[in-house]
Amino acid sequence: MAMLNAERETTAPALIGAGGALITVMVWTAWLLATRYSATTSLGAIDLSLLRYGIPALVLTPVWLRTGLLPKGKPKLPLLLMVIGSGAPFFQIAAYGLHATPASAAGVLLPGAMPLATALIGMAVLGERPDATRKLGMFAIFLGGLILLLAGAATGTLGWRSYVVLPIAATCWAIYSHAFRHSGLSATEGGALICVWSTIINLVLAALFGTHLFTASIAEITPQIISQGILSGLVATLAYGTAIRILGSTRAAAFTALTPVSAAIGGALILGEDLGIAGIAATIVTGLGVMLSTGILSRR
């Protein structure tokens, strides 16, 4: 009986952690599809970014009021890089690329490329030395992108915005990942500061270039409020934090290998996009590469 109780005590947190990671994958997929779908509506990137960061900024007001916009005793450069890497600048870049890219290819070139960009920056700047398994994963991610590049060149379905802009967005996120590790901030503090600074940036952009939030229809804005502000801004942050706390960062990150696959399936079922053999192959290869690049199968 004691052994059964011990197993239950061990299994239950693991299931919760796995559930948090899977929720995160689903939310990331919904964000990618919603941002891609917004190209057919009157909402622009500034409007979506206001929802994505403004709603969490309001909810997390007690947090950033407590820390201050520039927390005392904390390095300022990591905070700046965090805002650029995962805040409003990242969103504008990603949205510009997503509007011109089918979901299946976007899943490979954005969330699929994030681990590769993170690893390359770690090797070039921080002197990290990945083992053979992680190198194999990075090669698989590169191979997935190469498959898309060759297929896109042959069919003309993908343009320069897909191949250039989305990898730049993935690199921005990789910069954020490394900067956060050196920020001295908790996940909640970092998220709150990124959202409030991004909201300030978005308000300036809205004042300069205008916004369609007040003229868009309910049918257009409601899905974006849910996917951008509530799910991506709040739910994913809490769910992924739970997964990391229970499973550890490596095991939690391994679940992100599902994102390119789920994005491709979602694009086909929800947006009616054609996967194609090349898209399927690139999605599978990249997904495996992401899993290997996390180091979950490494001996060390």
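Relevant structure appears above.
Residues numbered from 1 in each chain as written. Predicted model: local features only at pLDDT ≥ 70, side-chain atom pairs only at ≥ 80, totals over all residues. Heavy atoms only, no water.

S.K.: Honestly, the overall build of the protein in this entry has me stumped. Any pointers?
M.R.: Helix and strand content of the protein: 14 helices and zero strands. Ordering the α and β elements of the protein from the N terminus gives α-α-α-α-α-α-α-α-α-α-α-α-α-α. Taken against the 2.2 N^0.38 rule, which gives 19 Å for 300 residues, the C-alpha radius of gyration of the protein at 19 Å falls within 12% of a compact globule. By principal-axis analysis of the C-alpha atoms, the protein measures approximately 60 × 55 × 45 Å. Looking at the protein alone, contacts between residues at least 24 apart form 88% of all its contacts between residues at least 6 apart. When the accessible surface of the protein is split by element, carbon and sulfur atoms take 73% of a total near 14400 Å². (Helix = DSSP H or I, 4+ residues; strand = E, 2+ residues; numbered from the N terminus. Rg over C-alpha atoms; globule rule 2.2 N^0.38 Å. Contact = heavy atoms within 4.5 Å. Areas by Shrake-Rupley, 256 points an atom, 1.4 Å probe, with all protein chains shown as cover.)

S.K.: How do you make sense of the side chain of S104 when you look at a structure like this?
M.R.: Locating S104 in the fold gives a position in helix α6 (residues 103-109). Here S104 is in contact with A263, A264, E273, L275 and T283, once residues within four sequence places are set aside.

S.K.: It is not clear to me how the pattern of salt bridges should be interpreted in this structure. Could you clarify?
M.R.: When the charged atoms of two side chains lie near each other, side chains of opposite charge can form a pair. The final tally for this structure, using the stated rule, is one salt bridge. Measuring nitrogen to oxygen at the nearest pair gives 3.0 Å for the salt bridge that ties E273 to R36. On the criterion of sequence distance, the pair formed by E273 in the loop between α13 (258-269) and α14 (276-293) and R36 in helix α1 (residues 2-37) is long-range, its members being 237 residues apart. (Salt bridge = Lys/Arg side-chain N within 4 Å of Asp/Glu carboxyl O.)

S.K.: When you look at the packing of helix α8 (residues 132-155) against α14 in this model, what are you seeing that I'm missing?
M.R.: Axis separation between α8 and α14 bottoms out at 7 Å; the angle between their running directions is 160 degrees. One finds that α8 runs roughly antiparallel with respect to α14. For the crossing formed where α8 meets α14, the hand is left-handed. Class assignment of the residues belonging to the contact of α8 with α14 gives a composition of 14 nonpolar, eight polar and one charged. (Axes fitted to C-alpha atoms, helices over the stretch in contact; angles between N-to-C directions. Parallel < 35°, antiparallel > 145°, perpendicular 65-115°, else oblique. Left-handed = near helix turned anticlockwise from the far one by under 90°. Nonpolar A, V, L, I, M, F, W, Y, C, P; charged D, E, K, R; others polar.)

S.K.: What should I look at first to understand the environment of L60 in this one?
M.R.: Here L60 shows up in the loop between α2 (45-59) and α3 (61-67). By relative accessible area, which is 18% here, L60 ends up buried. For the pair formed by L60 and G191, sequence separation is 131 residues and the distance between their alpha carbons is 8.5 Å. (Buried < 20%, exposed > 50% of the residue type's maximum accessible area, 1.4 Å probe, protein only.)

S.K.: Please explain a nonpolar patch on the surface as it appears in this structure.
M.R.: A grouping of L136, F139, F142, L143, L146, L149 and L150 is seen on the molecular surface, where their side chains present a nonpolar patch of about 650 Å² in accessible area. In this structure, F139 sits in helix α8. (Patch = residues over 30% accessible without salt bridge, like charges linked within 9 Å, V, L, I, M, F, W, Y side chains within 5 Å.)

S.K.: I would appreciate a short explanation of the packing of aromatic side chains in the present structure.
M.R.: For any pair of aromatic rings, the description rests on two quantities: the centre-to-centre distance and the angle between the ring planes. In this structure the tally under the stated criterion is seven aromatic pairs. Centroid distance W31 to F90: 6.4 Å. Interplanar angle 20 degrees. Geometry classified as stacked. Taken together, the residues span a long stretch of sequence, with W31 in helix α1 and F90 in helix α5 (residues 88-98) at a distance of 59 residues. Assessed through its relative accessible area of 10%, W31 is described here as buried. By the ring-pair criterion, three or more aromatic residues cluster together here, those being W31, Y53, F90, F91, W173, Y176 and F180. The ring of Y96 carries R161 above its face, with NZ or CZ at 4.1 Å from the centroid. (Phe/Tyr/Trp six-rings, centres within 6.5 Å; stacked < 30°, edge-to-face > 60°. Lys NZ or Arg CZ within 6 Å of the ring centre and 35° of its normal.)

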